Amino acid sequence: MTLRAINTALPRRATALLLVCLGAVLALTGLAVPAAAAPSPVGTAALQDLGACLADQQQADVLLLVDESGSLGRTDPDDTRVAAAQLLLARLADTAARSGATVDLAVSGFSAGVRGALDWSPLTEGSLPDASAAVADFAGRDDGFETDYWTALTTARQQLVDHRDPASTRPCQALVLFTDGQYELSARDTDAERRQYGETLPIPGAEGVPITSDDAAAQVAEAGRSDLCRPGGVADQLREDRILLIALGLTGDGVDLGLLGSIAESAPSPCGQAAPYGLFLSADDVQDLVLAFDAVGDPANPPQPVDEKGVCVGAVCPQQAHTFTLDASITSIHLVGTSDAAGIDVFVQPPGVPQPQLLRYDAARPSGVLPAGAVGLDYTWYADGAFSVDASIPAGGANWSGPWRVVFVDPTGQNPDAVTRTQLTIQADLAAVVGPGAPVEWRVGEDVGPLSFALVRSDGTPAALGDPAPTLALDVALRADDGTEAVLATAVPGPQLGAVRLTVPADFPPGPAELRTSLAVTTVSGQVLQPQVRTAQVDVLPPLGFPAVSADPVDFGRLEGTEPSDTVTIPVTGPGCVWVGSATLDVHPAGVDEVTATSPHGSAEECLEVAEGDTGELTVQLESGVVEAGDLQGDLVLRAAPEGVDADEREARAVDVRVAYAAELVRPADTGVLIGVFLAALVVGIGLPVLVFLLGRRIAAKLPDKPLQSTLLDVRVGPGGLSGAAPDRTWDPVPPPGGGRKQAVLSGVPVRARAGVKLTEAGYAEVEDPARVGVSGAPGGRAPKSLAARLPLALAGSWTLLLDRATAASDAAEVPARLLLVVDAVATAEQREALLSRVRAEGPGAVDSLRAAARESADAPTAPPPPPDPFGGPSGGSTPPGGGPAPDPFGGSPAPAWPGGGGSWPPATPATPASPAPPARDPFAGGGGSPWPSPSSDPFRR
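A brief structural summary. These numbers were taken from a predicted model, which means no experiment stands behind them. (Residues numbered from 1 in each chain as written. Predicted model: local features only at pLDDT ≥ 70, side-chain atom pairs only at ≥ 80, totals over all residues. Heavy atoms only, no water.)

**Topic: the packing of helix α6 (residues 149-163) against helix α8 (residues 214-229)**
For the pair α6 and α8, interaxial distance at closest approach is 9 Å and the crossing angle is 35°. Counted together, Y149, W150 and L153 of α6 and G224, D227 and L228 of α8 form the full contact between these two elements. Classifying every residue of the contact of α6 with α8 by side-chain character gives 4 nonpolar, 1 polar and 1 charged. (Axes fitted to C-alpha atoms, helices over the stretch in contact; angles between N-to-C directions. Helix = DSSP H or I, 4+ residues; strand = E, 2+ residues; numbered from the N terminus. Contact = heavy atoms within 4.5 Å. Nonpolar A, V, L, I, M, F, W, Y, C, P; charged D, E, K, R; others polar.)

Next comes the structure, spelled out in structure tokens:
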């Protein structure tokens, strides 16, 4: 599918959204596109960085995150976001094909949680139809509960980080987030809302606050805002991970998107402590959007100033003509035009073409190529009143050099006062990089070169200048990881690019750095174009005589509580002396303000001395003085001094060397608390300790608070194995657990965390539906008496098969069942397929054992009802008189709604009679009396 295959005949407000999406992401492409308000310098620099990264690495990851909140039914009733996203995918596929780069795409939706719509896959012309189909599903998704930025951004960040290639030295990643609403949490007023969306959120500082009132929702939302923008918080995590946030807001209805802008650009209000790395743009008016996003689409080539005119009435007139002049040094252009009235015709006349060529809006054919002499005008209408034209110099150069005219004509005379605007971008597909040859050694205080710089195109191929040639000027700079930037050369003329001598300043920090080249281009006709930026990763060595420290980042792994981490080693090459100075903290949990780096070599007097040509290992540990949980990122600040310096002079002669680190801070395992409770109870007596220990186990048995997804599938289990396990329905976001992380609903299946009764038995999550029996894969299982399925407490990566109690006890060879799958919210397609492979291999045998136990239970005399749960909560196994639906174990109506919409949990069947029951009919074998819902009522059948 190409761009022309998508009908972009959209309403004006719709086109605003479409152009927002295109303008932001096409920073990857080198194409110019329409725009709204001019991007800020921060946003422009961020887009330039992403474009340079793609040119350098030839690979990028783009995660499209689309709002699904209920307000979209009002702000986007025509589901224009779907057409916009599909057009965006087509453009990205074109970009990948044109540049030879690889663009990996994933798509998710968000409201109260995050829902995966498309897993990571390369976006190509071949995969585009599947990607477009996944996006089309968003047309019916505009009934989300709230607009939760915190959950959306934390989940998306993890999804991008998990997808990174560990071998990549510089991942190029962008998160494109579209929303029409401000950050908002809503009170869970009803039992159904609490079951579906969870009663709490794992936001630091508000983890235990039930969101059951407007005041509580405001309190938790305020905690979310604080965590988004605090030092080391969510915004800083995105920036430190070099994930470009492209935030697109559909304004209206008095929506305040200031927080979203601050997260992306630290404006209008400061947000985080790291330098901003993002772009925020809002969409409101089509005419302004087209012009502004044109400036953003190709940030290395800003457009010429906007030319504003009126319209001619009835025929072309010279006084309203938009004019510009081209020459042979310009190889291609991009023109955007807008009018504030519909039904306006556009005439384009290149030099030497006798008659102007007509571009008329046609919803049935919004794109095409219009011949104008020797030039082909490649046009696209985004809406009636917004278009673009791209053109390239033809072979031989006919009808190119000289004045061009673009005239807007009102053919009916109904809009004589219409305002028209054009914006021209001259695309300079020309950049400078260090030429091939001998490796370059970058060393503090030393000359580098003379270096030869080569001219290249956007795809990396060599570029040859035409005749006449444009005027070139090259700037070169080094940027260290800590933000220090040193200008090495300015305005080097084109003829001198073959031999440029550079010097690394004596005070530049050694370690990883980025070499940035910026090539300014002035056309033959005197037009100054935006400098073209390219980047390359280099290692800057310390001054001669100083030791060289490995620049590879270190990972301390897990830090439990205040215990020190495992020891890591950092290679050092002599000559010289190295010791550990300190550790910075850039990403951290809210309660952690500092960490300590410890080493046997922690001072100048105890430094690690390495002789000339030898290598050594500097050992380091990291520790926190605070018990918390979360990611840690920062730099180890090492000190390096030259060989032969006395200990009392080392500090004065030393230079800082920074090594990036990462770690995960976790709270100590609950077993320590349980052991403490057990030991304290021993003082009281023999019986009481056991009771207190069991109580402690019960308190410790909690469900995870990380984002999960689940799905429930219709399957059949029999001698032929398990069939029908194809997850063709969407995955449901699992609401955060409620009731002190004791209760959760997995695709409508209620589960409760419980501690094992035996002292050696692990905790589990038990399905609370007396009408169903089930079994879960190891380390889960089933209850020995009630036969209720028991999932592992972690939930993620588990499978569970659920059967109607009577069906399980029947003699039918093959029976229907329901398969519950639970995965991490950012699980890959490979991980989901591996889980399906497990259930196909393990499930049939587990069901055979379950059914045997169910038959024994059906043949046994009626047992007395189970005693009440001494710790509260429902006791399993019984069905209310009359055989109606079992009461909801978490309160509320007896049939909770499915989170995915449509239908409810199938009603419980009557309790099994005391006397042996005849075998139940296979509900798939035809006939009446099936305890299973019919296909028409089954909410999981399509």
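The structure having been displayed, the exposition proceeds.
**Points about the sheet that holds strand β15 (residues 386-392)**
Read from one edge to the other, the open sheet built from 6 strands follows the order β7-β17-β10-β15-β14-β13, with strand pairing classed as antiparallel. One side of each edge strand has no neighbouring strand; the edge strands of this open sheet are β7 (307-309) and β13 (367-372). When the angles between neighbouring strand axes are averaged without regard to direction, this sheet yields 20°. Alignment of β13 against strand β14 (residues 375-383), held across 6 bridges, turns out to be antiparallel. Residue pairing across strands places L370 opposite L377, the latter belonging to β14. (Pairing = 2+ DSSP bridges.)

**Description of the packing of aromatic side chains**
A full pass over the atoms with the stated rule returns 8 aromatic pairs. Aromatic side chains Y361 and W381 sit 5.7 Å apart centroid to centroid with 75° between the ring planes, which places their arrangement in the edge-to-face category. Here the residue Y361 occupies a position in the loop between β12 (357-359) and β13, and W381 occupies one in strand β14, the gap between them amounting to 20 residues. When the centroid spacing of 5.9 Å and the interplanar angle of 70° are considered together, the rings of F556 and Y661 count as edge-to-face. Taken as a pair, F556 in strand β28 (residues 554-560) and Y661 in strand β35 (residues 655-666) lie far apart in primary sequence, 105 residues in all. Since its relative accessible area comes to 2%, F556 is described here as buried. The cationic tip of R832 hangs over the ring face of W731; the distance from NZ or CZ to the ring centre is 4.6 Å. (Phe/Tyr/Trp six-rings, centres within 6.5 Å; stacked < 30°, edge-to-face > 60°. Buried < 20%, exposed > 50% of the residue type's maximum accessible area, 1.4 Å probe, protein only. Lys NZ or Arg CZ within 6 Å of the ring centre and 35° of its normal.)

**Section: the environment of V440**
Summarising the element assignment, V440 is placed in the loop between β18 (431-434) and β19 (442-443). Residue class for V440 comes out partly exposed when judged on its relative accessible area of 30%. Once the C-alpha coordinates of V440 and L451 are considered, the two residues, 11 residues apart in sequence, prove to be 8.5 Å apart. Beyond its immediate chain neighbours, meaning those up to four positions away, V440 contacts V448 and L451.

**Considering unusual backbone geometry**
In this chain, G574 is followed by P575 through a cis amide linkage whose omega measures 15°. Of note, the amide linkage connecting A778 to P779 takes the cis form, showing an omega dihedral of 10°. Considering the arrangement of structural elements, one finds P779 in the loop between β42 (772-776) and β43 (781-782). Of note in the backbone geometry, R242 takes a positive phi value of approximately 55° without being a glycine. Tracing the backbone through its elements, the reader meets R242 in the loop between α9 (234-240) and β5 (243-250). Classification of R242 by relative accessible area gives partly exposed; the value is 37%. The backbone of S266 shows a phi angle near 60°, a positive value even though the residue is not glycine. Mapped onto the elements, S266 comes out in the loop between α10 (258-265) and β6 (278-283). In this structure S266 comes out as partly exposed when scored by relative accessible area, which is 22%.

**Looking at the sheet that holds strand β29 (residues 568-573)**
The sheet built from 4 strands is open, its strands ordered β27-β29-β33-β31 with antiparallel pairing. For this open sheet the edge positions go to β27 (548-549) and β31 (595-598), each flanked by a neighbour on one side alone.

**Details of the state of the cysteines**
This model, assessed by the stated rule, comprises 4 disulfides. Here C53 connects covalently by a disulfide to C172, the sulfurs 1.8 Å from one another. Because the torsion about its S-S bond is -85°, the bridge between C53 and C172 counts as left-handed. A residue pair is termed long-range when its members are at least 10 positions apart, and C53 in helix α2 (residues 41-57) and C172 in the loop between α6 and β4 (173-179) qualify at 119 residues. For C172, a relative accessible area of 2% puts it in the buried group. (Disulfide = S-S within 2.5 Å.)

**Comments concerning the side chain of E146**
By secondary structure assignment, the location of E146 is in the loop between α5 (128-136) and α6. Overall, E146 belongs to the buried group, its relative accessible area being 1%. Polar contacts involving the side chain of E146 include one to the main-chain amide nitrogen of S186, which spans 2.8 Å. A distance of 3.0 Å separates the side chain of E146 from the side chain of R188, its partner in a polar contact. Once you skip the residues sitting within four places of it in the chain, E146 turns out to touch S69, S111, A112, E184, L185, S186 and R188. (Polar contact = N/O pair within 3.5 Å; in protein donor to acceptor, adjacent residues only side chain to side chain.)

**Let's talk about α2**
With 17 residues, α2 extends 24 Å between its outermost C-alpha atoms, agreeing within 8% with the 24 Å of an ideal straight helix rising 1.5 Å per residue. Restricting attention to buried positions, one finds in α2 the residues G43, A46, L47, Q48, D49, L50, A52, C53 and L54. Looking at the residues trailing α2, positive phi occurs at Q58, about 60°. (Expected span 1.5 Å × (residues − 1).)

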